[in-house]
Every structure is written in structure tokens, then in C-alpha cells.
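Residue-level listing of the chains:
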Amino acid sequence: MAFPCSGCGLCCHHVDRSEVTLPLDRGDGICRYLDCVSNRCRIYTNRPLFCRIDDSFPLFAEKMTLSEFYRVNADVCNWLQNEHSAPTSMRIKLSEK
Ligand code: SF4
Ligand code: SF4
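Residues numbered from 1 in each chain as written. Chains lettered and ligands numbered in written order. Predicted model: local features only at pLDDT ≥ 70, side-chain atom pairs only at ≥ 80, totals over all residues. Heavy atoms only, no water.

The name an unreviewed UniProt entry assigns to the protein chain is YkgJ family cysteine cluster protein, from the organism Zoogloea oleivorans.

If you want it as C-alpha cells, here you go:
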């Protein structure tokens, strides 16, 4: 199982929204490593740990379950998508167990 990122790219366009990702800001909120033409990360295989939802879960495992961690992240994704009127087909829908 992996976090079902829909690839909207909005987290990479708003790295200024979090103190964790702020150092990636090129000055306008967009990550310095985002290719704005393709909407792809230019350092994808070497991107920081905090850009890897599944890989960063162990840092939070003592505080929440994986399902809860996914929910927190999905809420941020969907909040950003709602704020920017992204297509509803890109919303993160988690299966509830
Ligand atoms: S905001 Fe969420 S769905 Fe969009 S690219 Fe980032 S992690 Fe994926
Ligand atoms: S390093 Fe890559 S995945 Fe991380 S915010 Fe920048 S463009 Fe997005």
C-alpha cells in the first residue's frame, strides 16, 4: 500500500505553507526543484524525505497509525486542491477500514 498521490503538484507549488518545506522556496512559494513545464520534480529520486509521504511515516509512527497519517496528508492535499479549484477527480479518496 502506498499513499494515493494524484500528482496534482500543488504541494510543490506551495512549499512556503510549511516551515519544513520553506527552504525549498525559490521566492514565490514554488519549489526550486519543480519543473513548471512538466509539473514534475527534477530531483524526484533524490527528493527530501519530507517529500516522501510513505518513507517519512516512521518519524510519526509513535504518534499515529499509518491510516491516520494518510488521513492527515490527504486532508492537506484536498484542502490545497479545493483552495485552487483543482479538478475533483484529483481529490484523495482513502478507503476507510
Ligand atoms: S498535494 Fe497531495 S495529491 Fe497533490 S501532488 Fe502533493 S501529495 Fe500528491
Ligand atoms: S523537491 Fe520535488 S517533490 Fe519536493 S517539493 Fe520540490 S518539486 Fe516537490
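(A) Main features of the layout of surface pockets. Estimated volume of the largest pocket: approximately 1,500 Å³. What lines the largest pocket is a set of 44 residues, and nearest its centre among them are Cys11, Phe50, Cys51, Arg52 and Ile53. Mapped onto the lining of the largest pocket, the elements with two or more residues apiece are helix H1 (10-13), strand S2 (40-41), helix H2 (53-56) and helix H3 (66-83). At eight residues, the largest contribution of residues to the lining of the largest pocket is made by H3. Partitioning the lining of the largest pocket into residue classes produces 28 nonpolar, eleven polar and five charged. (1 Å grid on protein atoms, 1.4 Å probe; cavity = no way out; pocket = protein on both sides within 12 Å on 5 of 7 lines; lining within 4 Å. Points joined across faces, edges and corners; volume = space filled by probe spheres on them. Helix = DSSP H or I, 4+ residues; strand = E, 2+ residues; numbered from the N terminus. Nonpolar A, V, L, I, M, F, W, Y, C, P; charged D, E, K, R; others polar.)

(B) Seen up close, the site of ligand 2. In the vicinity of ligand 2, the contacting residues are Cys12, Val15, Leu24, Cys31, Tyr33, Leu34, Cys41, Ile43, Arg47, Pro48 and Cys51. According to the grid-proximity analysis, the pocket containing ligand 2 is the largest pocket. Here the shell around ligand 2 is composed, by residue class, of ten nonpolar, no polar and one charged. (Near = heavy atom within 4 Å. Sits in = over half its atoms within 2 Å of the grid points.)

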